[in-house]
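Examination of the molecular architecture
Listed below are the residues making up each chain.
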Amino acid sequence: MSSPRTFALVGNPNTGKTTLFNALTGLRQKVANYPGVTVEKKTGIGRNRHGEEFTVIDLPGAYSLEAKSPDEEVTRAVLHGERADTPKPDAVLCLVDASNLERHLYLATQVMELDLPVIVVVNKTDTAEELGITVATKKLEERLGVPVVPMQAHARVGMEALQVALSAEPAKANWKPVEGDTAARYAAIGKLLEGAVAHSEDERITPSDKWDRVLVHPVFGWLILFGILGGLFFTLFSLAGYPMDLIDGAFGWLGEQVEARMAEGDLRALITEGIIGGVGGVVIFLPQILILFFFIGLMENTGYLARVSFMMDRLMAGVGLNGKAFVPLLSSYACAIPGIMATRTMESARDRLITTLIAPITSCSARLPVYVMLIALMLPAGTAGQKALVMLGLYVLSILGVYAFAYVFNRAFKQTDKTLLVLELPSYQRPSWREVGMEMFDRGKIFLRRAGTVILGLSIVLWALTTYPKDPKIEKQLADAEAVLEEQQQLLDSKSTEQNQREEAGNVVEAKTKGIQKLTRKQLAHSAAGKLGHAIEPMIEPLGYDWRMGIGLVASFAAREVFVSTMSIVYLGEEAEEDSVRERMAAQKRDDGTGKPAYDVRTCLSLLVFYVFAMQCLSTVAVTRRETNSWRWAILQVVYLTGFAYLAALATYQLSGFFV
Amino acid sequence: MSDLHHIGQLSEGESAELGSVELPEAAAERLAEMGMLPGASIRMIRRAPLGCPIEFEVGGARLALRRADAAQIFVQ
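This text gives an overview of the structure that appears in the document. From a predicted model like this one, the values you see are computed outputs, not experimental measurements.

Moving on to the environment of Cys335(A). Residue and element names in this part refer to chain A. With respect to the helices, strands and loops of the structure, Cys335 is situated in the loop between α14 (326-332) and α15 (336-341). Assessed through the 25 C-beta atoms surrounding it within 10 Å, Cys335 is described here as buried. Considered as a pair, Cys335 and Gln288 are 47 residues apart in the sequence and their alpha carbons are 7.8 Å apart.

Laid out in structure tokens, this is it:
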């Protein structure tokens, strides 16, 4: 054969499609999106018994070829050869579940009617046996005239037989197209299965039932769920810190290496601050993303995730979401990026979009340093308890925001049809660590590739905004001051310098360092970001902010935590410890000459509220763009969140004027 | 048994024979494709801890439906 044969893998959701796909292709897979829709396209390469390569396309899970979701539409279109981006497959692997053959054959028989060769794979024969169901695959094989392979994909039982089938010339099934409706198809399937499936009559209690008695128990079920979530968050906030520090350190080291080897100048600053800083700011999220997908992958792999949706559905239904939105939203409390990526477990494109749009309101971990700093400024004499209370208030505000906007979007996006929630609860199964690992690997790769490229570009733009244009006068003064500083520093370091000379040099160094800080502050004020801060001052004044805070807002558009380091440069002219920045900020007076502090309770509250809602995370914008496949939603997200943040902060500042 | 009209009224472990489904067409069709056809047997397994949704067994599969939807699925 000249080009490798292409097999499409087709089946209902929860049939073990991904497991079989992984078993066939190993690590030789590619994950992308189908152009124009937010449906994931997975292809991989396998090898048959003759050593020939074949391609496998893992088509989205579907219940029927009468498509009712974007995912099912992709499956239908690919099988009909209607998608230009995907060649029509040469043959189809129909994966069916042994414990519910009738329903699974519904799709499989529709596929057989497409005039494509098929191989039927009867999966989960072990689970079926627990239910007292045995399938005579040989009988089906005779009736259909195509290979019918019994399998336990997660234990890799049946792979040999499947390989034999894959290596033979594929054949079309001996199946007469069904005329008529759903009931007619079920009747035809019933006839096909006559005498081929044996059900044991006695009632059985499956291991899954035993697990469910505990895991969805009205008391223990919640305890276990909260225990798992507690473990997840503990891991995210404490254990993830170690690899994150390592990454931070590694990028810092890399920056130092470049600084040591390159002459000072714009190019060096671009590389260290723009590129290394920008990429480092993305890669630092990787540990959290991997941990989240480890937990989510494990929950999904074992079948527990469906139970979480089952338990949480009632709480999400009030605002028009369903239980499947729970895990993505919860993940967003660590970081909206994996949260949005986790919306892929939701079938409905509409629900996925709504969840993606509201995910950034959840109080992600990047907000914490900003909150901590502002709360400390707001309550300089406050007790730890009072500060914690404010922090709790911010989390409550974000939960209310999530609910409110879910409600709004649910109203705004008219449903084509009343949504019906059908939540399939698959049998529990032993987790496959290999599969969980592959999922983590995939997600990590997608995150780095997809978010990384956009963020790299945007962080360079942002770096340029805070650097250019330069004032030649300030540049000159800076260069002079640095030259003097270096000279005096050498004097100080030299052993031959006299004591009185040393003192004098020390004084000069101190003065020049201060001068440089002042010039750096001036330079930032002169830069595009500084000018933007000034330009937006009239707009943010009603919120209680001045142009310096404006610079902070502009800079933290890239990432919220940048606020702290930007404030450091704005007020001190250099990167400094948070404590000293805060001290300086607390001493800052208003520009209006009243002598009142710039960071009073009202301004701090207003800033806090702004940071709860504002969309200030380029990584999230990039991921939203990728996951929704359009700039439209990414831009809408930025506009509605930042717009609402503005209004909410305005209301906070103005209304609090009546109380304070 | 005379009070039993729809599957939302089944108690834990109780089985019934499905009748008509009074849901929008696409929803009804999806349920039919999943085996919820008139005459098929359905068994109530359990309610979610908060009372909704409700888990049923249809064919060999476990499906959870919301109470409001279940109330539109009648028994014979």
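All names here are of chain B. Most of strand β4 (residues 61-65) is tucked away, with five of its five residues classed as buried. Judged from the five bridges that link them, strand β3 (residues 54-58) and β4 form a sheet pairing that is antiparallel. In the sheet register, Val58 faces β4, and the bridge partner there is Ala61. Hairpin connection between β3 and β4: a loop of two residues separates the two successive antiparallel strands, and Gly59 in this loop has a positive phi of roughly 60°.

A few words now on the pairing of strand β6 (residues 118-123) of chain A. All names here are of chain A. Here β6 lies mainly inside the structure; six of its six residues are buried. Sheet topology note: the strand β5 (residues 91-97)/β6 ladder contains six bridges and is parallel. Its bridge partner lying in β6, Leu95 is registered against Val121. Here β6 pairs with strand β8 (residues 148-150) via three bridges, running parallel. Looking at the pairing, Val121 lines up with Val149 of β8.

Looking now at the sheet that holds β4(B). Sheet architecture is open: six strands sit in the order β10(A)-β4(B)-β3(B)-β2(B)-β1(B)-β5(B), paired in antiparallel fashion. A single partner strand is all that each edge strand has here, and the edge strands are β10 (422-424) of chain A together with β5 (73-75) of chain B. Averaged over all adjacent pairs, the angle separating strand axes in this sheet is 45°, with direction ignored. Of the strand pairs in this sheet, strand β1 (residues 15-21) of chain B and strand β2 (residues 41-47) of chain B are connected by three bridges, and their pairing is antiparallel. Residue pairing for β2(B): Ser15(B) is matched across the bridge by Arg43(B).

A separate point is the sheet that holds β5(A). Residues and elements named next belong to chain A. Spatially, the seven strands line up as an open sheet ordered β2-β3-β4-β1-β5-β6-β8, and their pairing is mixed. Strand pairing shows two members of the sheet lacking a second neighbour, β2 (29-33) and β8, which therefore form its edges. Direction aside, the axes of adjacent strands within the sheet are offset by 25° on average. Along the sheet face, helix α6 (residues 159-167) touches β4 (53-58), β6 and β8 and points at about 160° away from the line of β8.

With that out of the way, let us pick up the interface of chain B and chain A. One widely used convention gives an interface's size as the accessible area the parts lose upon coming together. Taken together, the contacts link 27 residues of chain B with 30 residues of chain A. Going through the elements one at a time, α1 (25-33) and β4 of chain B are the ones with two or more residues in the side of chain B that touches chain A. The element contributing the most residues to the side of chain B that touches chain A is α1(B), with six residues. Looking at side-chain class alone, the side of chain B that touches chain A contains 16 nonpolar, four polar and seven charged residues. The pairing of β10(A) with β4(B) spans three bridges and is classified as antiparallel. For Val422(A), the partnering residue across the bridge sits in β4(B) and is Leu65(B).

How each quantity is defined
Residues numbered from 1 in each chain as written. Chains lettered and ligands numbered in written order. Predicted model: local features only at pLDDT ≥ 70, side-chain atom pairs only at ≥ 80, totals over all residues. Helix = DSSP H or I, 4+ residues; strand = E, 2+ residues; numbered from the N terminus. Buried ≥ 20, exposed ≤ 12 C-beta atoms within 10 Å, placed from the backbone. Pairing = 2+ DSSP bridges. Axes fitted to C-alpha atoms, helices over the stretch in contact; angles between N-to-C directions. Contact = placed C-beta atoms within 7 Å. Nonpolar A, V, L, I, M, F, W, Y, C, P; charged D, E, K, R; others polar.

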